[in-house]
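Below are the chains, spelled out letter by letter.
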Amino acid sequence: MTIVRVFAPGSIGNLGPGLDIIGLAVGGAGDSVTAERTRGGQIEVAEAGHPTLSTDPDRHAAAIAAAAVFRLARRRTGLRIWCEKGLPLAGGQGGSAASAVAGAVAANLLVGSPLDATRLMEAALVAEEAVAGRHLDNIAPALLGGMTLIRSIDPIDVIRLRVPARLRIVLAKPSYELRTRDGRSALPDTVSRSTALYQAAQVAGVVAGATTGDLALLGRSIDDRIAEPARAPLLPGFVEAKAAALAAGSLGCSISGSGPTIFALAADDRTARRIGLAIARSYRRSGFETTLRIGSVDSTGARERPIVRRPTSR
Ligand code: HSE
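Residues numbered from 1 in each chain as written. Predicted model: local features only at pLDDT ≥ 70, side-chain atom pairs only at ≥ 80, totals over all residues. Heavy atoms only, no water.

Colleague: Is there a simple way to think about the pattern of salt bridges in this case?
Modeller: Charged atoms that come close allow side chains of opposite charge to pair. If you walk through the whole model with that rule in mind, you get 14 salt bridges. Residue Arg80 pairs with Glu44 through a salt bridge whose shortest N-O separation is 2.8 Å. One end of the pair, Arg80, is in strand 4 (residues 78-84); the other, Glu44, is in strand 3 (residues 43-47), with 36 residues separating them in the sequence. Looking at Glu44, the relative accessible area reads 26%, which means it is partly exposed. Each of Glu36, Glu44 and Arg80 takes part in salt bridges that share partners, so that together they form one network. (Salt bridge = Lys/Arg side-chain N within 4 Å of Asp/Glu carboxyl O. Helix = DSSP H or I, 4+ residues; strand = E, 2+ residues; numbered from the N terminus. Buried < 20%, exposed > 50% of the residue type's maximum accessible area, 1.4 Å probe, protein only.)

Colleague: Help me out: how do you make sense of the site of the ligand in this one?
Modeller: Around the ligand, the structure places Asn14, Leu19, Asp20, His135, Asp137, Asn138, Thr180, Arg184, Arg231, Gly257 and Ser258. Here an oxygen atom of the ligand sits 2.9 Å away from a polar atom, N or O, in the side chain of Asn138. Arg184 has a polar side-chain atom sitting 2.7 Å from an oxygen atom of the ligand. Burial of the ligand by the protein amounts to 98% of the accessible area it has alone, namely 260 Å². Residues that form the shell around the ligand fall into these classes: one nonpolar, six polar and four charged. Each of domain 1 (3-161) and domain 2 (168-296) gives at least three residues to the shell around the ligand. (Near = heavy atom within 4 Å. Polar contact = N/O pair within 3.5 Å; in protein donor to acceptor, adjacent residues only side chain to side chain. Areas by Shrake-Rupley, 256 points an atom, 1.4 Å probe, with all protein chains shown as cover. Nonpolar A, V, L, I, M, F, W, Y, C, P; charged D, E, K, R; others polar. Domains from an automatic or database assignment.)

Colleague: Please clarify how unusual backbone geometry should be interpreted in this entry.
Modeller: With the exception of glycine, most residues fall at negative phi, and the peptide bonds are largely trans. A cis amide bond, omega 10 degrees, links Asp154 with the succeeding residue Pro155. Within the secondary structure, Pro155 is located in the loop between strand 5 (147-153) and strand 6 (156-161). Cis geometry marks the peptide bond from Gly259 to Pro260; its omega dihedral reads 5 degrees. Structurally, the position occupied by Pro260 is in the loop between strand 8 (252-255) and strand 9 (262-266).

Colleague: Is there a simple way to explain the nonpolar core in this structure?
Modeller: In summary, soluble globular proteins display a tendency toward joint burial of nonpolar side chains. By size, the foremost hydrophobic cluster in this structure holds 49 residues, and its most contacted members are Val69, Leu79, Ile81, Val101, Met121, Leu136 and Ile139. Residues Ala172, Tyr176, Ala245 and Cys253 belong to the second largest nonpolar core, which totals 22 residues. (Core = buried A, V, L, I, M, F, W, Y, C linked by side-chain atoms within 4.5 Å.)

Colleague: Any chance you could explain the side chain of Asn138 here in plain terms?
Modeller: On the secondary structure map, Asn138 appears in the loop between helix 3 (117-131) and helix 4 (139-144). Side chain to side chain, Asn138 and Ser11 meet in a polar contact 2.9 Å long. Residues in contact with Asn138, not counting those within four places in the same chain, are Ser11, Ile12, Gly13, Gly94, Ala97 and Glu128. (Contact = heavy atoms within 4.5 Å.)

Colleague: So what exactly am I meant to see when it comes to the environment of Pro174 here?
Modeller: Within the element layout of this structure, Pro174 appears in strand 7 (residues 168-174). For Pro174 and Leu292, which are 118 residues apart along the polypeptide, the C-alpha to C-alpha distance reads 8.8 Å. Setting aside chain neighbours within four positions, we find Pro174 in contact with Pro260, Thr261, Tyr283, Phe288, Glu289 and Thr290.

Colleague: Honestly, the packing of helix 2 (residues 95-110) against helix 3 in this entry has me stumped. Any pointers?
Modeller: Working note: a packed helix pair is described by the angle between its axes plus the distance between those axes. For the pair helix 2 and helix 3, the least separation of the axes is 9 Å and the interaxial angle reads 140 degrees. In this view, helix 2 runs oblique relative to helix 3, as classed from their interaxial angle. As for the relative orientation of helix 2 and helix 3, their crossing is right-handed in sense. Listed contacts from helix 3 to Ser96, Ala97, Ala100, Val101, Ala104, Val105 and Asn108 of helix 2 are Leu120, Ala124, Ala127, Glu128 and Val131. (Axes fitted to C-alpha atoms, helices over the stretch in contact; angles between N-to-C directions. Parallel < 35°, antiparallel > 145°, perpendicular 65-115°, else oblique. Left-handed = near helix turned anticlockwise from the far one by under 90°.)

Colleague: Looking at this model, I keep getting lost on the domain arrangement of the protein. Mind explaining?
Modeller: It is common to give the size of an interface as the accessible area lost on bringing the parts into contact. Domain annotation of the protein identifies domain 1 (3-161) and domain 2 (168-296). Its C-alpha centre places domain 1 at a distance of 24 Å from the equivalent point of domain 2. Contacts between domain 1 and domain 2 engage 34 residues on the former and 34 residues on the latter. Each partner contributes to the roughly 2400 Å² buried at the junction of domain 1 and domain 2, and carbon and sulfur atoms together form 61% of this total. (Buried area = accessible area lost by both parts, 1.4 Å probe.)

This is the structure we're talking about:
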């Protein structure tokens, strides 16, 4: 195998209370990486995927992750990468993680798949740390699909959780950006004991609700008292949009990752569409347009895709 194309889905980091420890892969949009083995030991980014993304292999998530794969697997090969960004930049939909995972999986396939899922997450984490921050809650669902719990990042211990197939997810991105790094710098270093305990109980509620199929429990456990209050001031229109989503019948609503995308959960398509329109109306009143996606859980995660056309070099 000398050339491969890999797709990785977008994801919701945190899923409300699970700051850095719960993630959910969402069907639909994702990033794809085509990678081709080349002579020599260099990694070259032929197509970054967006005009504002760097083609410097030390600064592109897919290339950094691919280099980490070769380092961990002790393989040496040249690589040329073409990235197709289906996810927004600085959008809070797990775009950097999807590129990193697709790059890692593609590189691993090209050298005979020596790395298992945990080592692939380790490689993708090198990239995520370099471009966004050290967290696995987008990488794990992008790789494995479904809902994932990061029980530990060091050493990596990720548990894939069952999620009801009927769950519908509204992703709404208002027309502004927030870099993950900026969203992370707003987080408090310490929280009170009562906040920590309440948050732990909500995480348990999310896990119990998802795994038992109790969507009402899942929804009412989307109650984040750590990141959401700290980040809401950076996200104009969020508080009103969340209120609109809940009034329209959402089971639960919060910031997707560090934002600005917000997510709202629903039990069926009709309600999901109603919620999406209510959020968009609310953001319009706040002066923003909204890009909406409605989907279900992506339970597959990263996968090979056919190479539709052979990419051309720069
Ligand atoms: N857990 C990360 C954060 C997700 O909240 O900063 C970023 O997408």
